[in-house]
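Summary of the model geometry
Residue-level listing of the chains:
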Amino acid sequence: MTGFVAVHTGAGNFLDETLYEHVCREACNQAVNVLYAGGSALDACERAIVILENSTATNAGIGSNLNWDRKVECDACIMDGASLQFGACTNVTDVKNPISLARHLCERQSKLLSFGRIPPMVLVGQGASAYAREIGLQLVPAEHMISVNAAKKYDHYRSQIMQYEEINRSKLSPLDTVGAVCVDAEGSIVAGCSSGGLMLKLSGRVGQAATYGAGCWALMDESTSMSAASCTTGNGEYLMKTLFAKELVDDLIGCNCPITSQHLTYKKKLLESPFLSKQKAIHAGSLSIIYNNASGDGDLLWAHTTNSMCIGFMSTKQKKPKVGKTQQLVATRNFVLSKLPQNLTCGTKPVINGHHFKLI
């Protein structure tokens, strides 16, 4: 199977990007191996995010941010652009890999339950855990989802919460949602994301990583032979209010220039959105693919309004994945480094870049 996969570890402020280099490489390698073995784009996307969830360096799965009550509550979602099916889970405390539960719910959408009942698209909390146990996913004690690093960060922020204003938290807080996008040579395209949510979030809070149209979106448009997908990261409430993942994909389909399309979507649909008119700084990032099924040409696009964003990408035609921070490509052993230009204020304008690839 020929294909292309890309991953990100969140939009934020990378103080030490080397922490994320290994996990990006491993996620890309394993996802591409899935494609080599004949797996689908859905299989590859899920596998990439499982690797990201299993790393305690990321804010997803084990090692997720802790909420106000010092607990892990995970969100995840995935969408198949060929079937247009979507699955998500939220407030999950003991499922080791929430993305696998989301993937199962996504696929289950095509078949009714007994007595003609409609299968769930989103499951929450204890119901999600019970269902995960029923279908054989790995569950762990809730306390095992808390990493030493996450606990230390919680203690630090919780003890000094009154000393920090929002602008300081945005500079110091851990990174946000992780995600992946994958396309194969037939144009089957998938996007997914997983997150532990904001540090010190209220218990029960649902983020964009479990919200339809906000965390991820994928579309295979047979009428135009184009496929597009996107996964988002950043201020979840803002991404939910604007259905930002869907807007990114809708604007990419049929566009003349993917970079221009991304810029206009960020400008008109997010930064200047009437739903966010009272917000002075909007921290967000995205990873997107637009692919021409007829020619085999594709473009990977990444954008962020934060100080930085770490990504990795790999084709079945590559021997090694490229990983690193976005923008200003620095070819050092396939590592790419980028930061928001000093003349831009964090949260006010996006940095946008891309990579062209070909599968046919």
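Model, not experiment: these values are computed from the prediction. (Residues numbered from 1 in each chain as written. Predicted model: local features only at pLDDT ≥ 70, side-chain atom pairs only at ≥ 80, totals over all residues. Heavy atoms only, no water.)

Attention shifts here to helix H1 (residues 18-36). Over its 19 residues, H1 runs 28 Å from end to end, which matches the ideal 27 Å to within 8%, given 1.5 Å per residue. Those residues of H1 not exposed but buried are Tyr20, Val23, Cys24, Arg25, Ala27, Cys28, Ala31, Val32, Val34 and Leu35. Once H1 ends, the next one or two residues include Gly38, with phi positive near 95°. (Helix = DSSP H or I, 4+ residues; strand = E, 2+ residues; numbered from the N terminus. Expected span 1.5 Å × (residues − 1). Buried < 20%, exposed > 50% of the residue type's maximum accessible area, 1.4 Å probe, protein only.)

On to the UniProt feature "active site" (unreviewed entry) in the protein chain. Per the UniProt entry, the sites bearing "active site" (unreviewed entry) are Thr177 in this numbering. Here Thr177 lies in the loop between helix H6 (166-172) and strand E5 (178-184). When its relative accessible area of 0% is taken as the criterion, Thr177 is described as buried. Contacts of Thr177, omitting those with residues within four sequence positions, involve His8, Thr9, Gly10, Cys193, Ser194, Ser195, Gln208, Ala209, Thr232 and Thr233. (UniProt positions renumbered as here; feature names shortened; annotations may be inferred. Contact = heavy atoms within 4.5 Å.)

Turning our attention to the pairing of strand E1 (residues 3-12). For E1, a buried count of 10 out of 10 residues is recorded, marking the element as mostly surrounded by other parts of the structure. Here E1 runs beside E5; their pairing, made up of six bridges, is antiparallel. Residue pairing across strands places Val7 opposite Ala180, the latter belonging to E5. The pairing of E1 with strand E11 (residues 308-315) spans seven bridges and is antiparallel. Across the sheet, the residue bridging to Gly12 is Ser308, located in E11. (Pairing = 2+ DSSP bridges.)

Turning our eyes to something else, we now look at the sheet that holds strand E10 (residues 297-304). Spatial ordering of the open sheet is given by E7-E8-E9-E10-E14, a layout of five strands whose pairing is antiparallel. The sheet terminates laterally at strand E7 (216-221) and strand E14 (351-358), the two strands that pair on one side only. Each strand axis lies, on average, 10° off the axis of its neighbour in the sheet, ignoring direction. Strand direction decides the pairing type here: strand E9 (residues 284-292) and E10, joined by seven bridges, are antiparallel. What sits directly across from Ser288, in E10, is Leu301. (Axes fitted to C-alpha atoms, helices over the stretch in contact; angles between N-to-C directions.)

Listed in full, the buried residues belonging to helix H4 (residues 125-134) are Gly125, Ala128, Ser129, Tyr131 and Ala132. Down the axis of H4, the buried side of the element spans an arc of 165°, and every buried residue falls inside it. Facing away from the buried surface of H4 by more than 90 degrees, the exposed residues are Gln126, Arg133 and Glu134. Each element contacted by the buried residues of H4 is listed here: strand E3 (85-92), helix H3 (98-108) and strand E4 (122-124). A positive backbone phi angle near 90° is found at Gly136, which sits one or two residues after H4. (Arc of directions from axis to C-beta.)

The next thing to look at is unusual backbone geometry. Across residues other than glycine, the phi torsion is negative in most instances, and most of the peptide bonds are trans. In this model, Phe115 sits at a positive phi of 65°, which is unusual for a non-glycine residue. Along the chain, the position of Phe115 falls in the loop between H3 and E4. Of note, Leu200 is a non-glycine position whose phi angle comes to about 65°, a positive value. Mapped onto the secondary structure, Leu200 falls in the loop between strand E6 (189-195) and E7. For Leu200, a relative accessible area of 11% corresponds to the buried category.

According to the stated counting rule, one finds seven aromatic pairs in the structure shown. Centre to centre, the rings of Phe244 and Tyr266 are 4.9 Å apart; their planes meet at 85°, and the pair counts as edge-to-face. Of the two residues, Phe244 is situated in helix H8 (residues 244-252) and Tyr266 in helix H9 (residues 258-271); the sequence distance between them amounts to 22 residues. The pair Phe244 / Tyr266 is uniform in exposure class, with both members buried. Chaining the aromatic ring pairs together yields one cluster made of Phe4, Tyr291, Trp302, Phe313 and Phe357. (Phe/Tyr/Trp six-rings, centres within 6.5 Å; stacked < 30°, edge-to-face > 60°.)

Inspection of the secondary structure puts His304 in strand E10. Polar contacts involving the side chain of His304 include one to the main-chain carbonyl oxygen of Thr306, which spans 2.9 Å. (Polar contact = N/O pair within 3.5 Å; in protein donor to acceptor, adjacent residues only side chain to side chain.)

A word on the confidence of the model for the protein chain. The share of residues in the protein chain with pLDDT of 70 or more is 90%, and the mean pLDDT across the chain is 89. Within the model, the stretch residues 326-335 combines pLDDT values under 50 with 33 contacts to residues more than four positions away or in other chains. (pLDDT = per-residue confidence, 0-100.)

On the surface, a cluster of nonpolar side chains totalling about 240 Å² of accessible area is made up of Met121, Val122 and Tyr212. Inspection of the secondary structure puts Met121 in the loop between H3 and E4. (Patch = residues over 30% accessible without salt bridge, like charges linked within 9 Å, V, L, I, M, F, W, Y side chains within 5 Å. Areas by Shrake-Rupley, 256 points an atom, 1.4 Å probe, with all protein chains shown as cover. Salt bridge = Lys/Arg side-chain N within 4 Å of Asp/Glu carboxyl O.)

What follows covers the packing of H1 against helix H2 (residues 41-54). Interhelical geometry of H1 versus H2 gives an angle of 155° and a closest axis separation of 8 Å. Between H1 and H2, the crossing angle belongs to the class labelled roughly antiparallel. Considering how the two elements wind past one another, H1 and H2 form a crossing that is right-handed. Counting all contacts with H1, which are made through Val23, Glu26, Ala27, Gln30, Ala31, Val34 and Leu35, the residues of H2 involved are Ala41, Asp43, Ala44, Arg47, Ala48, Ile51 and Leu52. Among the residues making up the contact of H1 with H2, the classes are represented as 10 nonpolar, one polar and three charged. (Parallel < 35°, antiparallel > 145°, perpendicular 65-115°, else oblique. Left-handed = near helix turned anticlockwise from the far one by under 90°. Nonpolar A, V, L, I, M, F, W, Y, C, P; charged D, E, K, R; others polar.)

Moving on, we get to the environment of Ala228. Relative to the elements of secondary structure, Ala228 occurs in strand E8 (residues 226-234). Once the C-alpha coordinates of Ala228 and Gln85 are considered, the two residues, 143 residues apart in sequence, prove to be 15 Å apart. If we skip the residues at most four places from it in the chain, Ala228 touches Ile189, Trp217, Ala218, Leu219, Val249, Leu252, Ile253, Ile289 and Ile290.

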